[in-house]
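Architecture and fold: a report
As a plain string of letters, each chain reads:
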Amino acid sequence: MRWIGFYNYTVILTYVSLISGMLGLKAAYDGRVGLGILCLVLSGVCDMFDGVVARSKKGRTADEKNFGIQLDSLCGVVCFGVVPAVLLYFSGVDTALGVAVLIFYVLCAVIRLAFFNVLEIKRQACEDGCAKYYRGLPVTASAIIFPFFYLVGLLVSYEAMRVIYHVLPFVTGLLFITDFRVRKLNVAKWLHKLKKKEETKDECLP
């Protein structure tokens, strides 16, 4: 029996990110928003390193690369589009205006990810490695933005946070689809430097 898709270690972190996002949705429905926020952060961490893991496999075919791009974006819709929207809904963004803002946020996330796919497939046809810049705010930024404001919410009044929670997804959504450059964090290069530093340190030991 043959299976549809590509099954190797390069996509494991992407699947873990999706599973974490789904658990975040379950936590939100159970009223455990804090746990949902933690799941969102875990999804962000997995997304940060999944590209490094994928590029560690030499000789990937064009189909494998494109599969990874599509898979990453589809999981990103859930983890960084739907999950933050649901968490915000259960945090008080449940007015008619709030729901409209959350729909706008998810739409912007989908547009941003679809546009990323177009650019990334075109780029990988011409060059290898990792892109140096994002165009528009990457959707994974939600794994930093929303947890940060969740912590802020522990320090201010519920009424104040409801206002912030109504404005925040609208502004974030706009940044997703605004065409400006954001320098991409090169995790692979950072890990390589860290490894070299550790090797140098070991060489200096008696």
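A brief report on the enclosed structure follows. (Residues numbered from 1 in each chain as written. Predicted model: local features only at pLDDT ≥ 70, side-chain atom pairs only at ≥ 80, totals over all residues. Heavy atoms only, no water.)

1. Remarks on the packing of helix 5 (residues 142-153) against helix 6 (residues 158-177)
- Orientation of helix 5 relative to helix 6, taken along the N-to-C sense of each, is 170°, at an axis distance of 11 Å. Taken together, the axes of helix 5 and helix 6 are roughly antiparallel relative to one another. Here Ile 145, Phe 146, Phe 149, Tyr 150, Val 152 and Gly 153 of helix 5 come into contact with helix 6, specifically with Met 161, Ile 164, Tyr 165, Leu 168, Pro 169 and Thr 172.
- Classifying every residue of the contact of helix 5 with helix 6 gives ten nonpolar, two polar and no charged. (Axes fitted to C-alpha atoms, helices over the stretch in contact; angles between N-to-C directions. Helix = DSSP H or I, 4+ residues; strand = E, 2+ residues; numbered from the N terminus. Parallel < 35°, antiparallel > 145°, perpendicular 65-115°, else oblique. Contact = heavy atoms within 4.5 Å. Nonpolar A, V, L, I, M, F, W, Y, C, P; charged D, E, K, R; others polar.)

2. A short note on the packing of helix 2 (residues 33-55) against helix 5
- In contact at an axis separation of 9 Å, helix 2 and helix 5 are set at 150° when each is read in the N-to-C sense. Taken together, the axes of helix 2 and helix 5 are roughly antiparallel relative to one another. When the axes of helix 2 and helix 5 are compared, the crossing they make is left-handed. Where helix 2 approaches helix 5, its residues Val 33, Gly 34, Ile 37, Leu 40, Val 41 and Gly 44 are matched on the opposing element by Ser 142, Ala 143, Phe 146, Pro 147 and Tyr 150.
- Grouping the amino acids of the contact of helix 2 with helix 5 by side-chain chemistry returns eight nonpolar, three polar and no charged. (Left-handed = near helix turned anticlockwise from the far one by under 90°.)

3. Remarks on the pattern of salt bridges
- For the coordinates displayed, the defined rule picks out four salt bridges.
- For Asp 94, the salt bridge is made with Arg 162, and the minimal N-O distance between the two is 3.3 Å. Of the two residues, Asp 94 sits in the loop between helix 3 (62-89) and helix 4 (96-124) while Arg 162 sits in helix 6, which places them 68 residues apart along the sequence.
- With a relative accessible area of 44%, Asp 94 lands in the partly exposed category.
- A residue is classified by how much of its surface remains accessible, and Arg 162, at 27% relative accessible area, is partly exposed. (Salt bridge = Lys/Arg side-chain N within 4 Å of Asp/Glu carboxyl O. Buried < 20%, exposed > 50% of the residue type's maximum accessible area, 1.4 Å probe, protein only.)

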